[in-house]
Amino acid sequence: MINQREDFTYRLLTDAGIKKGFRILDVGCGSGDVTLLAAETVGADGEVIGFDTNEAALDIARNAAVERRIINAKFIKAEISGLPQGIGRFDAIIGRRVLMYQTDATHSVKSLLPYLKTNGLVVFQESDSMGSFKNMDLPLHTQAQAWIWDTVAKEGGNVHIGSNLYCVFKQAGLTIAQVRAEAVLQTPETGSDLAWVVKMMLPRIIQSGTATQKEIDIDLLEERLNSERQNADAVFVRDMTFGIWGTLQA
């Protein structure tokens, strides 16, 4: 069962052509959600290597792989500019919400291409703050969303990387197959992951000066968001998600 958070990613990977037996490199894998999703997609004959600079996140990913009995996923600590020798080449290179944190996204994509097989796939998913707007019926939702995006911006992240993906791929020399965008809508029926994201980002939000512990009131945030959503009976635009895939031609 693919949950709401993974639905767009799963469709992006499968529509791009990720299939059984593929060898995949997952860039900036974090706690491994996309790596494990890809590992299940490529099956026992395939392999997915996820890399990240955050050892704590990698430990979470390794534990998740063990719990889910996924044995075709590996996790290594590395940077885009410093992948280990002998890592080999891949049928596809994928990433989710990692290019927004690169100083030069085009250069980062170019740096990965030597590890891609001829006619291999490059598939990335990024979010974009263009979907953010003030919803007078859902002020706490709007505020929580602002805390997230303001923190990313203060950290130097590109909050418009989603709509820039086409240019990034084009400048990297890839042949673009498709670009897509989709609004992530949340209602009383779908629930919301806003409280979860704010909780995950809490130290960063506070450190950036975006909001204080008292303002956020994390222990009651989810309850307050749920109550607001039920009372407003309105649709909230949670995110604008972009996906792109292209190929490296001979």
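That block above? That's the structure.
Just so it is clear, the model here is predicted, and its values are computed rather than measured. (Residues numbered from 1 in each chain as written. Predicted model: local features only at pLDDT ≥ 70, side-chain atom pairs only at ≥ 80, totals over all residues. Heavy atoms only, no water.)

**Considering the nonpolar core**
Argument step 1. L25, L112, F124, V198, I216 and L221 are the most contacted members of the largest nonpolar core, which totals 51 residues.
Argument step 2. Setting aside its immediate chain neighbours within four residues, V198 contacts A144, W147, I148, I205, I216, I218 and L221.
Argument step 3. Grouped together as the second largest cluster of nonpolar side chains are 27 residues, A16, A38, F75 and V123 included. (Core = buried A, V, L, I, M, F, W, Y, C linked by side-chain atoms within 4.5 Å. Buried < 20%, exposed > 50% of the residue type's maximum accessible area, 1.4 Å probe, protein only. Contact = heavy atoms within 4.5 Å.)

**Quick notes on the pattern of salt bridges**
Proximity of charged atoms lets side chains of opposite charge pair with each other.
Argument step 1. All chains considered together, the criterion is met by 13 salt bridges.
Argument step 2. Across the pair E47 and K74 runs a salt bridge, and its minimum N-O distance is 3.3 Å. In this pair, E47 sits in strand β2 (residues 47–52) while K74 sits in strand β3 (residues 73–77), placing the two residues 27 residues apart along the sequence.
Argument step 3. The closest approach of N and O atoms between D59 and R62, which form a salt bridge, is 3.0 Å. (Salt bridge = Lys/Arg side-chain N within 4 Å of Asp/Glu carboxyl O. Helix = DSSP H or I, 4+ residues; strand = E, 2+ residues; numbered from the N terminus.)

**Focus on the packing of helix α7 (residues 194–207) against helix α9 (residues 218–232)**
Argument step 1. As a packed pair, α7 and α9 sit with axes 9 Å apart at the nearest point and diverge in direction by 165 degrees. As summarised for this structure, α7 and α9 are arranged roughly antiparallel, according to the angle between their axes. The two elements α7 and α9 meet at a crossing, and its hand is right-handed. Mapping the contact onto sequence places L194, A195, V198, K199 and L202 in α7 and I218, L221, E222 and L225 in α9.
Argument step 2. Class assignment of the residues belonging to the contact of α7 with α9 gives a composition of seven nonpolar, no polar and two charged. (Axes fitted to C-alpha atoms, helices over the stretch in contact; angles between N-to-C directions. Parallel < 35°, antiparallel > 145°, perpendicular 65-115°, else oblique. Left-handed = near helix turned anticlockwise from the far one by under 90°. Nonpolar A, V, L, I, M, F, W, Y, C, P; charged D, E, K, R; others polar.)

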